[in-house]
Amino acid sequence: MAHQAHAYHMVDPSPWPLTGATAALLMTSGLAIWFHFHSLSLLYLGLTLLLLTMIQWWRDIIREGTFQGHHTPPVQKGLRYGMILFITSEVFFFLGFFWAFYHSSLAPTPELGGCWPPTGINPLDPFEVPLLNTAVLLASGVTVTWAHHSLMEGNRKEAIQALTLTIILGFYFTALQAMEYYEAPFTIADGVYGTTFFVATGFHGLHVIIGSTFLTICLLRQIQYHFTSEHHFGFEAAAWYWHFVDVVWLFLYVSIYWWGS
Amino acid sequence: MMAEDIQAKLKNYKTAPFDARFPNQNQTRNCFQNYLDFHRCTKVLTAKGADTTPCEWFRRVYKSLCPISWINKWNDQLEEGTFPGKI
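So, how was this worked out
- Residues numbered from 1 in each chain as written.
- Chains lettered and ligands numbered in written order.
- Predicted model: local features only at pLDDT ≥ 70, side-chain atom pairs only at ≥ 80, totals over all residues.
- Heavy atoms only, no water.
- Helix = DSSP H or I, 4+ residues; strand = E, 2+ residues; numbered from the N terminus.
- Buried < 20%, exposed > 50% of the residue type's maximum accessible area, 1.4 Å probe, protein only.
- Contact = heavy atoms within 4.5 Å.
- Lys, Arg positive; Asp, Glu negative; His and termini not counted.
- Charge placed at Lys NZ, Arg CZ, Asp CG, Glu CD.
- Axes fitted to C-alpha atoms, helices over the stretch in contact; angles between N-to-C directions.
- Parallel < 35°, antiparallel > 145°, perpendicular 65-115°, else oblique.
- Left-handed = near helix turned anticlockwise from the far one by under 90°.
- Buried area = accessible area lost by both parts, 1.4 Å probe.
- Salt bridge = Lys/Arg side-chain N within 4 Å of Asp/Glu carboxyl O.
- Polar contact = N/O pair within 3.5 Å; in protein donor to acceptor, adjacent residues only side chain to side chain.

Chemist: Even after reading the chapter, I still don't get the overall build of chain A, so can you show me in this structure?
Modeler: Looking only at helices and strands, chain A features 7 helices and 0 strands. Taken from N to C terminus, the helices and strands of chain A fall in the order α-α-α-α-α-α-α. C-alpha atoms of chain A, sized along the principal axes, occupy 75 × 45 × 30 Å. Considering chain A as a whole, with its 261 residues, one finds that 41% of them fall into the buried category. For chain A, contacts bridging at least 24 residues in sequence account for 74% of all contacts bridging at least 6. Side-chain charges in chain A split into 7 positive and 15 negative, and the spacing between the mean points of these groups amounts to 19 Å.

Chemist: Which parts of the structure should I look at to understand the packing of helix 3 (residues 73-106) of chain A against helix 6 (residues 191-223) of chain A?
Modeler: The relative placement of two packed helices comes down to the angle between their axes together with the axis-to-axis distance. All names here are of chain A. It is the contact of helix 3 with helix 6, at a shortest axis distance of 8 Å, that shows an interaxial angle of 160°. Considered as vectors, helix 3 and helix 6 are oriented roughly antiparallel to each other. Crossing of helix 3 against helix 6: the hand is left-handed. Here helix 3 contributes Met83, Glu90, Phe93, Phe94, Phe97, Ala100, Phe101 and Ser104 to the contact with helix 6, which in turn contributes Val192, Thr196, Val199, Ala200, Phe203, His204, His207 and Phe214.

Chemist: I tried to follow the interface of chain A and chain B on my own but got confused; where do I start?
Modeler: Much of the literature gives interface size as the accessible area that the parts lose upon coming together. Facing the 8 residues of chain A at the interface are 8 residues of chain B. Note on chain A versus chain B: buried area summed over both sides is about 560 Å², and carbon and sulfur give 57% of it. Together, Pro110, Gly113 and Thr119 of chain A form the three largest contributors to the area buried by chain A at its contact with chain B, with a combined 62%. Applying the counting criterion to the chain A and chain B interface returns 0 salt bridges. Applying the counting criterion to the chain A and chain B interface returns 2 residue pairs in polar contact (both at pLDDT 80 or more).

Chemist: So what exactly am I meant to see when it comes to unusual backbone geometry here?
Modeler: The phi torsion of most residues other than glycine is negative, and most of the peptide bonds are trans. All names here are of chain A. Residue Pro117 is reached from Trp116 by a cis peptide bond, and omega for that bond is -5°. Of note in the backbone geometry, Tyr225 takes a positive phi value of approximately 65° without being a glycine. Along the polypeptide, Tyr225 turns up in the loop between helix 6 and helix 7 (233-259). Owing to a relative accessible area of 62%, Tyr225 belongs among the exposed residues under this scheme.

Chemist: Would you take a moment to explain the pattern of salt bridges for this structure?
Modeler: Think of it this way: side chains of opposite charge can pair up when their charged atoms draw near. Residues and elements named next belong to chain A. Evaluated as defined, the whole model comprises 5 salt bridges over all chains. When the shortest N-O distance is used, the salt bridge between Arg59 and Asp60 registers 2.7 Å. By relative accessible area, Arg59 is classed as partly exposed at 31%. Looking at Asp60, the relative accessible area reads 17%, which means it is buried. One salt bridge connects Arg63 with Asp60, and the closest N-O pair in it is separated by 3.7 Å. Of this pair, Arg63 and Asp60 both sit in helix 2 (residues 41-67), 3 residues apart, roughly one helical turn. Look at the salt bridges and you will find they share partners, linking Arg59, Asp60 and Arg63 into a network.

Quick look at the structure:
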C-alpha cells in the first residue's frame, strides 16, 4: 500500500479544466458569432458547459476535502491564499470601472453641459431605495458574521438561521435593485452617465448573485453536516466574498449614487 | 470707472491672456467657460436693462480660443433649445 509522505494534495486527473477551457472558447467565439450572425447557439452551448464544469469541479473539491480528508492544514492554507488572491483580482476589476466613472465625472465635457450629472439626467435619489439597499447589505454582513460565530461555537441551529437570513437579505437586495433598474428614468445608452452607472452597478449586482449562490451552497452543506466547528473553509471563503461585495457597494453608493448626484 | 477699464481692455485686446484657472495645455474648458460666461452675462444684463458692453470681453476671449465649428455647433444648439450648458 503506497502512502504519501507529505501533507499536500496531489489531485487525481480531472476533465474539468479541459471542459472549462472549452467552455471559454465556446463563449468567446459564441459572442462573436452572436454579434455578426445573430445566432445564440454557440453562446448557450458555452454557458451550459461552463455551468456543468463549475458544478462538477466544485462538487469534486467538496468530495476530496469533506469526504476524503485531503484538505489538511497546509492544503487549507493554500486555498486561503487562493481565495484572497482571487478577491484581490476582483478588487482591481472594479477599480477599473471606478476609474472610468471618476474620469468622466470629475471633468465633465461640454457635450454633457460641463456639469455632473449631465444636462437632462435625473439621477436616483440616494436617500431612497439606494439607502435601503445599503442597510440591507450592511445587515447581511452582520448576519453572516453571526453565522460564522455560531458555526465556530458548534451551534448548528443558529448557524442555519443566520446563514438563511443572510441569503434572504441578499435576495432582497437583488429584488430591490432589479426594481430600481426597471423604474430608472435613464438607461445604459444615456451617455457616459448611463454607461458608468449601469456597468458598475450591473457588475456589482452580478457579484451579489454569485455571492448569494455561494452562500446558498454553504447553507445546503451546513444542513448536510459538512462543516465542523474547526474546519469550514468553504463557508469562510463565501463570507469573505460576501464582505467584499458589501464593500464594493459602499464605494458605489458613496461615489456614484451620492457624490455623483 | 469700471466702464473705462473695460473699454481700455477691449481696445488693447490682442488675444486671450493667460488665465490661471486653466493653466494646462488642454484649453477646452477655457473656451467653453468664456462662451458660457458671455451668454450668462448677456442674459443677466439684458434682463436688468443694462449695457452689455462688459460681456464683450468674454466674447473676444471665446472667439480667440474656440474652434469655429464648436461655436457654430453651440449657436445652432442654442437656437434649437438643445444647448446642454446652463445659461
